[in-house]
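# Notes for the structure review
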Amino acid sequence: MKILIDFFPILLFFGAYKLYDIYVGTAVLMAATVAQMGLIYAIDRRLQTMHKATLVLILLFGTLTLVLQDERFIKWKPTVLYGAMSLALAIALWAFRRNFLKMLLGGQLGLPDSVWLRLNIAWIAYCAFMSAINAYVVMNFSTEAWVNFKLWGYVFPLVFLVGQGIYIAPHLKGDEPAA
């Protein structure tokens, strides 16, 4: 269910872009993201930091796109978001010796510290990769190609999350079976 909620705004953006243009698509993306965050808040009674950052950036870059009639703003939003995430995770880990992933998810997942460290490094690399690949597509391809990449590029997070789940599964601390 969560993946459908996450996919909802990009799917509506894609449809609005294909039916109209990048500006209608951007307005639809902004509205759909507000609705998405409202739904997440209704379900969880809170928004995670990532949700808040995504909402702020979509509204900021979307507004700039619409007001200035310049599609570059919305196209660069993923590069900025992923780059900031990669940088924040790296600085927290290597400068402040804090593992944000463990701080955020440690109460939900019982994993050894070495696994948390590898996950954090994997997230740093993944976010840097996603930032770089979006920048590459923005700089080298048409808006049409970028929109298609946004939709079909959703395979990257799916593969990353499935791989992460496969990696952590054997390390989860579960209840020991009764002897």
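No experiment lies behind these values; they were computed from the predicted model shown. (Residues numbered from 1 in each chain as written. Predicted model: local features only at pLDDT ≥ 70, side-chain atom pairs only at ≥ 80, totals over all residues. Heavy atoms only, no water.)

Moving on to the overall build of the chain. Helix and strand content of the chain: eight helices and zero strands. From first element to last, N terminus to C terminus, the chain shows the α and β order α-α-α-α-α-α-α-α. C-alpha atoms of the chain, sized along the principal axes, occupy 65 × 35 × 25 Å. In the chain, which comprises 179 residues, the share counted as buried stands at 39%. Considering only residue pairs separated by 6 or more positions, the chain has 66% of its internal contacts joining residues 24 or more positions apart. Once the 14 positive and 9 negative side-chain charges of the chain are each reduced to a mean point, those two points are 7 Å apart. (Helix = DSSP H or I, 4+ residues; strand = E, 2+ residues; numbered from the N terminus. Buried < 20%, exposed > 50% of the residue type's maximum accessible area, 1.4 Å probe, protein only. Contact = heavy atoms within 4.5 Å. Lys, Arg positive; Asp, Glu negative; His and termini not counted. Charge placed at Lys NZ, Arg CZ, Asp CG, Glu CD.)

Although it is not a glycine, Arg45 sits at a positive phi angle of roughly 65°. Checked against the element boundaries, Arg45 lands in the loop between α2 (22–44) and α3 (49–68). Judged by relative accessible area, which is 57%, Arg45 ranks as exposed. Positive phi, close to 55°, is recorded for Arg97, a residue that is not glycine. Of the residues examined, Arg97 reaches a relative accessible area of 64% and is grouped as exposed.

On the surface, a cluster of nonpolar side chains totalling about 350 Å² of accessible area is made up of Leu19, Tyr20 and Val24. Structurally, Val24 is set in helix α2. We classify Val24 as partly exposed; its relative accessible area is 32%. (Patch = residues over 30% accessible without salt bridge, like charges linked within 9 Å, V, L, I, M, F, W, Y side chains within 5 Å. Areas by Shrake-Rupley, 256 points an atom, 1.4 Å probe, with all protein chains shown as cover. Salt bridge = Lys/Arg side-chain N within 4 Å of Asp/Glu carboxyl O.)

What follows covers the packing of aromatic side chains. The description of an aromatic ring pair rests on the distance of the ring centres and on the angle between the ring planes. A complete count under the given rule lists nine aromatic pairs for this structure. Their ring planes at 85° and their centres at 5.7 Å tell us that Trp123 and Tyr126 sit as a pair that is edge-to-face. Of this pair, Trp123 and Tyr126 are both found in helix α6 (residues 113–140), three residues apart, which corresponds to roughly one turn of the helix. Judged by relative accessible area, Trp123 falls into the buried class, the value being 18%. Each ring, one from Tyr126 and one from Phe160, has its centre 4.1 Å from the other, and the planes form 5°; the classification is stacked. In this pair, Tyr126 is assigned in helix α6 and Phe160 in helix α8 (residues 155–168), connecting sequence segments 34 residues apart. Residue Tyr126 shares its accessibility class with Phe160, and that shared class is buried. An aromatic cluster is built from Tyr82, Trp123, Tyr126 and Phe160, whose rings are joined through pairwise contacts. (Phe/Tyr/Trp six-rings, centres within 6.5 Å; stacked < 30°, edge-to-face > 60°.)

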